[in-house]
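Architecture and fold: a report
This is what each chain is made of:
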Amino acid sequence: MNHSLRQMKHYEKYKPSGIEWLGEIPEHWGVKRLKFNTYIKARVGWHGLRADEFSLTEGVFCVTGTDLQNGEINWENCYRVSEERYEEDPYIQLRGNDLLITKDGTIGKVAVVKNLNERATLNSGVFVVRPERKEYVTPFMYWALQSPVFSEYVNYTSKGSTINHLYQETFFNLPFILPLPEEQTAIANYLDEKTTQIDSLIANKQKLIDLLKEERTAIINQAVTKGLNYDSNDSMNTMIKRSDEKNHSQSNNQINHSSRRMKPSGIEWLGDIPEHWEVKKLRYVADVVLGKMLTNEDKGGYHLKPYLRAANLQWLNVDVSDVKEMWFSPAELEKLKLKENDLLVSEGGEVGRTCIWNEELDECYIQNSVHKITVLNPNEPKYFLYQFYSLGQNGIFESMVNRISIAHLTGEKIKEVTLLVPPQDEQTSIVHHIETHTTRIAATISKIEKEIELMQEYRTALISEVVTGKVKVSNFD
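First, a word on scope: everything that follows refers to the structure included in this document. (Residues numbered from 1 in each chain as written. Predicted model: local features only at pLDDT ≥ 70, side-chain atom pairs only at ≥ 80, totals over all residues. Heavy atoms only, no water.)

In terms of helices and strands, the protein carries 13 helices and 24 strands. Per-residue burial over the protein gives 47% buried out of 477 residues. For the protein, contacts bridging at least 24 residues in sequence account for 75% of all contacts bridging at least 6. For the protein, the accessible surface area stands at approximately 24800 Å², while carbon and sulfur atoms represent 47% of it. (Helix = DSSP H or I, 4+ residues; strand = E, 2+ residues; numbered from the N terminus. Buried < 20%, exposed > 50% of the residue type's maximum accessible area, 1.4 Å probe, protein only. Contact = heavy atoms within 4.5 Å. Areas by Shrake-Rupley, 256 points an atom, 1.4 Å probe, with all protein chains shown as cover.)

Shown next as structure tokens:
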């Protein structure tokens, strides 16, 4: 894609922009600071609203940073405020084609005011931007602020500190490039067209990823609830390809073909299961241990060790990129140390999120937001990993917890989870079947994600190169 940028036209002559981080610009372009040709206002002296001052149905729209989505305002989710709030600051009463940019939180989200059928105002986290001297058109400024030109300026003025607020004076002094007005329109139209094409391609690839993830879930659900020899006309089964007989002939020969015969599971959402499978509570299949409360100091004879919290648990995989440390007693070290093939289950947050410990670290323990589940012999831990995944995708864990307050999947609740238990050799065959198919799916997803990443990089580079004049749009001569 960068190759296609190199093939685009260039201007005949360039000159120094006078701006360190901008470099050269086309010879006939100018550079000005926003304060010389732009109306910029934000709500001042307002520290927010009480919860009872907001409404979703009555009053005037009050646009916040979260309402700026994909270059436009999401009016459907926009809160409303009273007439008094609207009238108290006429400088930020919005007009059609106004440009908005966030100045707090996620700095630099940009949107153009369109479909303004009612009155609207701003909260304190957004600037309204309007051209005053007709030296630029709003669509061009929209793309200029979307480009690295703006982010480079913010980084340049931050002097290494973390910026979580864009001050009006800083924004006033933003230098930006000024092509000829008709050239600005051509640039904006070109970027509208090209980014729409790129965004459409990205959206299609993301849909493909979603379908692949659905296929992965269907494969796992089918295998852990119906077995490998189940023959059904239901829609889920049609999504799953039969395992390669050559790869699985040996393991499948070990499975009693009475698995084709089914019986009621006694579990409403599951329906029938293979006749020879058992139904057991987790307490009879595994030992369950909850981690310890956070301890920030040595209480005497304690040891500082790494531990996992719920944030480290992803579905099926552990994330050890950000592991904290705390103090453990000798008894806690013995009880809470992770061993290979331990299952890890989230106690709070997204309750039930499960992964398996593959000794990603030499030594690690758990906090009390994580359950450690050690599957008892003779059983295959990965089979239960995938069964927990199936339970999670079917909302079973969520249905078990009290949603009146913060959800917690307590030790007693998780021990009562109902599991399907095939013979151990069949568990192994099911795991092999799942991993054969999901490895293929994971590789395909990874490839598509890389393609999306390259498209996004190309999109960013295209905007930057066009608005700074490094390349010339083909429909302007």
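Moving on, we come to the packing of aromatic side chains. Per the stated rule, a full pass over the model turns up eleven aromatic pairs. Residues Tyr11 and Tyr14 carry aromatic rings whose centres are separated by 6.3 Å and whose planes lie at 85 degrees to one another, so their mutual orientation is edge-to-face. Aromatic rings pair up to connect Tyr11, Tyr14 and Trp29 into one cluster. The cationic tip of Lys41 hangs over the ring face of Tyr91; the distance from NZ or CZ to the ring centre is 5.2 Å. (Phe/Tyr/Trp six-rings, centres within 6.5 Å; stacked < 30°, edge-to-face > 60°. Lys NZ or Arg CZ within 6 Å of the ring centre and 35° of its normal.)

Attention shifts here to unusual backbone geometry. Both trends apply: most residues other than glycine have a negative phi, and most peptide bonds are in trans. Put simply, Asn377 and Pro378 share a cis peptide bond, and its omega is -5 degrees. Within the secondary structure, Pro378 sits in the loop between strand E23 (370-375) and helix H10 (381-393). Despite not being glycine, Glu359 has its phi angle at roughly 55 degrees, a positive value. Note that Glu359 resides in the loop between strand E21 (354-356) and strand E22 (365-366). On the basis of relative accessible area, Glu359 is assigned to the partly exposed category, the value being 47%.

Another point: helix H3 (residues 138-146). Taking burial as the measure, the nine residues of H3 include seven buried ones, the bulk of the element. Taken as a whole, H3 has its buried residues at Thr138, Phe140, Met141, Tyr142, Trp143, Ala144 and Leu145.

By size, the foremost hydrophobic cluster in this structure holds 55 residues, and its most contacted members are Leu145, Phe171 and Leu191. Among the secondary structure elements, those contributing two or more residues to this core are strand E9 (99-102), strand E10 (110-112), strand E12 (126-131), H3, helix H4 (148-158), strand E13 (175-178), helix H6 (181-226) and helix H13 (424-467). With residues near it in sequence (within four places) discarded, Leu191 still touches Trp143, Thr196, Leu462, Ile463, Val466 and Val467. Core analysis: the next-biggest nonpolar cluster, separate from the first, contains 40 residues, Ala223, Ile373, Val375 and Val431 among them. (Core = buried A, V, L, I, M, F, W, Y, C linked by side-chain atoms within 4.5 Å.)

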